[in-house]
Amino acid sequence: MKLLVFRRAWKRNVGMMTLVAVFGFISFLRAGSHRAPAAETDYLRNVVRVPSCLVEMPKPAQIQWSNNDWQSFDRWFLYRAYLDLRSETEVFVRIIATVDAAGYNKTESLYCFLWNSNTSYTLTTASKMIIDWKEFSVQEYRSRHRYIGYVVTCPCEHCTDDILPSISLGYDKCSPLTNMLPINSGQNEKYTKHTVENNNLELPQRVNETRSRDGNYVICVKGLNYPNVELAFLLAEWIEVHKALGAAKIYLYVYTVTPATEKVLQYYQRQGFLDFTYITLPGEQPNDGINRFKYMKKYTGQKRLNEKVLYNDCFYRHIGQYEFIINIDIDEIIVPKMGNTWQEMMSQAKKTILS
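Residues numbered from 1 in each chain as written. Predicted model: local features only at pLDDT ≥ 70, side-chain atom pairs only at ≥ 80, totals over all residues. Heavy atoms only, no water.

1. Some details on helix H8 (residues 342–354)
Just so we agree on the cut-off: Counting from the N terminus, the helices are the DSSP runs of H or I reaching at least four residues and the strands are the DSSP runs of E reaching at least two. Given a helix with a known number of residues, its expected span is that number minus one, times 1.5 Å. Relative accessibility decides the category of a residue: with a 1.4 Å probe and only protein chains considered, values under 20% of the type maximum give buried, values over 50% give exposed, and everything between is partly exposed. Arc definition: directions from the helix axis to the C-beta atoms.
Spanning 13 residues, H8 covers 18 Å between terminal C-alpha atoms, matching the ideal 18 Å at 1.5 Å per step. Every buried residue of H8 is accounted for by Trp342, Met345, Met346 and Ala349. Along the long axis of H8, the arc covered by the buried residues comes to 90°, so they all point the same way. Exposed residues on H8 whose side chains face more than 90 degrees from its buried face are Lys351 and Leu354.

2. Thoughts on unusual backbone geometry
Although it is not a glycine, Asp74 sits at a positive phi angle of roughly 55°. Assessed through its relative accessible area of 53%, Asp74 is described here as exposed.

3. Here we look at the state of the cysteines
Short version of the rule: Note on terminology: disulfide denotes any pair of cysteine sulfur atoms within 2.5 Å.
Here the structure, examined in full by the defined rule, presents three disulfides. Disulfide pairing is shown between Cys112 and Cys154; the S-S distance is 2.0 Å. Here Cys112 and Cys154 share a disulfide; its torsion about the S-S bond, -75°, makes the bridge left-handed. Taken together, the residues span a long stretch of sequence, with Cys112 in strand S6 (residues 111–115) and Cys154 in strand S9 (residues 147–155) at a distance of 42 residues. Residue class for Cys154 comes out buried when judged on its relative accessible area of 0%.

4. Describing the packing of helix H4 (residues 232–245) against helix H5 (residues 259–271)
As a reminder, the rule being used: Every axis in this analysis is a line fitted to C-alpha atoms, fitted for helices over the stretch in contact. Angles between the N-to-C directions lie between 0 and 180 degrees. For this classification, under 35 degrees means roughly parallel, over 145 means roughly antiparallel, 65 to 115 means roughly perpendicular, and everything else is oblique. Contacts: residue pairs with any heavy atoms within 4.5 Å of one another. Amino acids outside the nonpolar list (Ala, Val, Leu, Ile, Met, Phe, Trp, Tyr, Cys, Pro) and the charged list (Asp, Glu, Lys, Arg) are all regarded as polar, and Gly is one of them.
Viewed as axis vectors pointing N to C, H4 and H5 meet at an angle of 25°, and their least axial separation amounts to 8 Å. As judged from the angle between their axes, H4 and H5 are roughly parallel. In this structure, H4 uses Ala232, Leu235, Ala236, Ile239, Glu240 and Lys243 to contact H5, whose residues at the interface are Ala260, Thr261, Val264, Leu265, Tyr268 and Gln271. When its residues are assigned to classes, the contact of H4 with H5 shows eight nonpolar, two polar and two charged.

5. Some points on the environment of Ala61
With respect to the helices, strands and loops of the structure, Ala61 is situated in the loop between strand S2 (47–48) and strand S3 (71–73). With relative accessibility at 73%, the residue Ala61 sits in the exposed group. Put simply, Ala61 and Thr178 are 117 residues apart on the chain and 9.1 Å apart in space, counted from C-alpha to C-alpha.

6. Section: the pattern of salt bridges
Heads up, the rule is: Here, a salt bridge means any side-chain nitrogen of Lys or Arg that lies within 4 Å of a carboxyl oxygen of Asp or Glu.
A complete count under the given rule lists 10 salt bridges for this structure. Asp100 serves as the salt-bridge partner of Arg146, at 2.8 Å between the closest nitrogen and oxygen. Taken as a pair, Arg146 in the loop between helix H3 (138–144) and S9 and Asp100 in strand S5 (residues 92–100) lie far apart in primary sequence, 46 residues in all. Judged by relative accessible area, which is 34%, Arg146 ranks as partly exposed.

7. Points about the nonpolar core
The following threshold applies: Grouping buried Ala, Val, Leu, Ile, Met, Phe, Trp, Tyr and Cys residues that are joined through side-chain atoms within 4.5 Å yields what is termed a nonpolar core.
By size, the foremost hydrophobic cluster in this structure holds 30 residues, and its most contacted members are Trp238, Ile239, Ile250 and Trp342. Mapped by element, the contributors of at least two residues to this core are strand S16 (217–225), H4, strand S17 (249–256), H5, strand S18 (274–278), strand S19 (324–327) and H8. For this core, the leading source of residues is H4, giving five residues. Those residues in contact with Trp342 that lie beyond four places of it in its chain are Tyr217, Ile219, His242, Leu245, Ala247, Ile326, Ile334 and Pro336. If you look at the next biggest cluster of nonpolar residues, it comprises 28 residues, including Phe73, Trp76, Val91 and Cys156.

8. Concerning the sheet that holds S18
Strand pairs in the sheet, formed through backbone hydrogen bonds, run parallel or antiparallel to each other. The criterion, for reference: Two strands pair under a simple rule: DSSP has to find at least two bridges between them.
With respect to topology, four strands assemble into an open sheet ordered S18-S17-S16-S19, the strand pairing being parallel. Of all the strands in the sheet, just S18 and S19 have a single pairing partner and so form its edges. Across the sheet, the mean angle separating the axes of adjacent strands is 20° when strand polarity is ignored. Two strands pair when backbone bridges link them, and S16 and S19 are joined in this way by four bridges, in the parallel orientation. Bridging across to S19, Val218 finds its partner in Ile325. Strands S17 and S18 of the sheet are contacted by H5, whose axis makes an angle of about 130° with S18.

9. With respect to helix H7 (residues 300–317)
End to end, H7 covers 26 Å across 18 residues, agreeing with the expected 26 Å (1.5 Å per residue, within 8%). Burial of H7 is extensive: 14 of the 18 residues sit out of reach of the surface.

10. Points about the side chain of Asp329
Inclusion rule: Polar contact is the term for a pair of N or O atoms within 3.5 Å; when the atoms are in protein, one must be able to donate a hydrogen and the other to accept it, and sequence-neighboring residues count only if both atoms are side-chain atoms.
Tracing the backbone through its elements, the reader meets Asp329 in the loop between S19 and strand S20 (335–336). Relative accessible area serves as the criterion here: at 6%, Asp329 is assigned to the buried category. A polar side-chain atom of Asp329 sits 3.3 Å from a polar atom in the side chain of Tyr311.

11. Details of the packing of aromatic side chains
Heads up, the condition is: Ring pairs are drawn from Phe, Tyr and Trp, using the six-membered ring of Trp, whenever the two centres fall within 6.5 Å, and their geometry is named by plane angle: stacked under 30 degrees, edge-to-face over 60, tilted for the rest. Comment: the charge-over-ring label is applied if NZ (Lys) or CZ (Arg) is within 6 Å of the ring centre and within 35 degrees of the ring normal.
For the coordinates displayed, the defined rule picks out 13 aromatic pairs. Plain terms: the ring middles of Tyr217 and Phe324 are 4.8 Å apart, the flat faces sit at 20° to each other, and that makes the pair stacked. With a gap of 107 residues between them, Tyr217 in strand S16 and Phe324 in strand S19 connect regions that are remote in the sequence. Under the relative-accessibility criterion, Phe324 is labelled buried at 3%. Taken together, a centroid distance of 5.5 Å and an interplanar angle of 80° make the contact between Phe276 and Tyr278 edge-to-face. By relative accessible area, which is 10% here, Phe276 ends up buried. What links up through ring pairs into an aromatic cluster is the set Phe113, Trp115 and Tyr121. The lysine or arginine in question, Arg80, covers the ring of Tyr79, its NZ or CZ lying 4.6 Å from the ring centre.

Read these as geometric descriptors, not functional statements.
Here it is as structure tokens:
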């Protein structure tokens, strides 16, 4: 699945042909308008109902963490799991993940363990979709970038908004498991951040957050990594412009920002217009502010791969809450040429297309 990205739209009018193209792509992303690809659906019908052995649900102390945000097993790093209800006939769980390409066997199978209780689970086979604009071989990635983003898909016939089991991944049906993620419905829930204190691990819990999705626009912004750059005034201006244009919410990921920039984020978060989450890099990538800034500046290809993981997370995080999902940076604005808001722009686009 490709996400919508608008590039360098700052102070730029959107013409009719561009608007028609934008409307076509953004409509593709509307929740409820997409069906799972037939090949994927057929591939995922292989549900292993009677495993030859039984495994135990991993206890909190058995779960391995790469850091405060990423669970790990072998070369995989798991971030979040989401329920995908867009297909009319199939229900899927999408896991946002990253894999360390060094020594990774691309053809190795993955199994999904969907925990119905502490002792009962459904075992299914997983499908892996690389997060990039085109498919590269793992060898090509090893020669250029080490960490590759994936969306891991698991079929879940019994999953609904009201019945959301936890999920684990493993290489086979019998080995002990070291990971377990709660499943976010993407409809009216979000995660609270887990804590790791004194070696006592607490898994993320779901909390209710009701949202209306009638004609709403949510903006997804990649990780902000500016430990020594002051963005407070620029960011406040950018947020106010998008509020005037009709955005319902802005969601950002934050690596490191200055205290003043953080105060701006917290101010709009208290207003309910903006939300943000602190994020780290998985694996052996640096996570202290200055070294991470230098790392991203030097390895721009790896930086882009990490950004795409966050864009996919933001997409599935809001898939059932908002009608339109838009990916832009904090130096970009979509300026309507027809009307004063995005709602007016899209309404006029619909009339033009249908006329």
